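Below, each chain spelled out in residue letters.
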Amino acid sequence: NLLSFFSEMSWQTYVDSQLISKNLKSAAIAGLDGNIWAKSQDFNITPEEIKTLLANYEDQGKLASSGINLAGQKYFYLSGTDEVLRGKQGKGGVHLMKTNQTLLVGVYAEPMQGPEAATITEGLGTYLKNCGY
């Protein structure tokens, strides 16, 4: 049963096994209230940064001027939808996906490229949405 499997795994396990082990540089799962449920080691994102990002999903024009700010790093806003935001910084970037109850954050660096980070982050996001999260 997928649901019992899901409930046995901790949020930290998802960050470690579904995001970091697939070569993302940093990753986190946060609730839509801004609380950080799990994050990779040394990824110092704050609940305030999450809350600001979630608020800007409604008005992505703000991101075009302010950028996407996470763990003290500013990423240039590339594009977004009502679920996904994309940002770039140098040769790396960030990919975010909002689900019913979570915000997934995936930071990548060379040699990984944006499309691969998108596949990893959105793959877990789609799975969580299908589980009701």
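The structure presented is a predicted model; accordingly, all values stated were derived computationally and were not measured.

Caption draft 1: A look at the pattern of salt bridges. Scanning the entire structure with this criterion turns up 2 salt bridges. In this structure, Glu58 engages Lys98 in a salt bridge whose closest nitrogen and oxygen atoms are separated by 4.0 Å. Placement of Glu58 in the loop between helix H3 (47–56) and helix H4 (61–66) and of Lys98 in strand S6 (residues 92–98) is noted, with a sequence separation of 40 residues between them. Residue Lys98 is classed as buried on the basis of its relative accessible area of 18%.

Caption draft 2: How the structure looks around helix H2 (residues 11–19). For H2, the complete set of buried residues consists of Trp11, Tyr14, Val15 and Leu19. Projected onto a plane normal to the axis of H2, the buried residues spread over an arc of 100 degrees and lie on a single side.

Caption draft 3: Spotlight on unusual backbone geometry. Note the cis peptide between Glu110 and Pro111, where omega equals 5 degrees. Within the secondary structure layout, Pro111 lies in the loop between strand S7 (102–108) and helix H5 (114–130). Positive phi outside glycine occurs at Ala71, with the angle close to 50 degrees.

Caption draft 4: How the structure looks around the sheet that holds S6. Spatially, the 7 strands line up as an open sheet ordered S2-S1-S7-S6-S5-S4-S3, and their pairing is antiparallel. Every other strand in the sheet has two partners, leaving strand S2 (36–39) and strand S3 (68–70) as the edge strands with one partner each. Across the sheet, the axes of successive neighbouring strands diverge by a mean angle of 25 degrees, strand direction being ignored. Relative to strand S5 (residues 84–89), strand S4 (residues 73–80) runs antiparallel, the two sharing 4 bridges.

Caption draft 5: Just the packing of aromatic side chains, in detail. Under the definition given, this model contains 4 aromatic pairs. Here Trp11 and Tyr133 contribute two aromatic rings whose centre-to-centre distance is 5.1 Å and whose plane-to-plane angle is 80 degrees, an arrangement assigned as edge-to-face. Taken as a pair, Trp11 in helix H2 and Tyr133 in the segment after H5 lie far apart in primary sequence, 122 residues in all. Of note, Lys98 hangs over the ring of Tyr57, and the distance from its end group to the ring centre comes to 4.7 Å.

Caption draft 6: The nonpolar core, seen in detail. In this structure, Ile68, Leu70, Val94, Leu96 and Val105 are the most contacted members of the largest nonpolar core, which totals 18 residues. Only strand S1 (26–31), H3, S3, S6 and S7 provide two or more residues apiece to this core. When neighbours within four sequence positions are excluded, Ile68 is seen to be in contact with Leu53, Leu63, Gln73, Lys74, Tyr75, Tyr77, Leu85, Arg86, Gly87, Val94 and Leu96. The next biggest cluster of nonpolar side chains, apart from the first, holds 15 residues, and it includes Trp11, Ala27, Ile29 and Leu104.

Cut-offs used in this document
- Residues numbered from 1 in each chain as written.
- Predicted model: local features only at pLDDT ≥ 70, side-chain atom pairs only at ≥ 80, totals over all residues.
- Heavy atoms only, no water.
- Salt bridge = Lys/Arg side-chain N within 4 Å of Asp/Glu carboxyl O.
- Helix = DSSP H or I, 4+ residues; strand = E, 2+ residues; numbered from the N terminus.
- Buried < 20%, exposed > 50% of the residue type's maximum accessible area, 1.4 Å probe, protein only.
- Arc of directions from axis to C-beta.
- Pairing = 2+ DSSP bridges.
- Axes fitted to C-alpha atoms, helices over the stretch in contact; angles between N-to-C directions.
- Phe/Tyr/Trp six-rings, centres within 6.5 Å; stacked < 30°, edge-to-face > 60°.
- Lys NZ or Arg CZ within 6 Å of the ring centre and 35° of its normal.
- Core = buried A, V, L, I, M, F, W, Y, C linked by side-chain atoms within 4.5 Å.
- Contact = heavy atoms within 4.5 Å.

None of this, on its own, says anything about what the molecule does.
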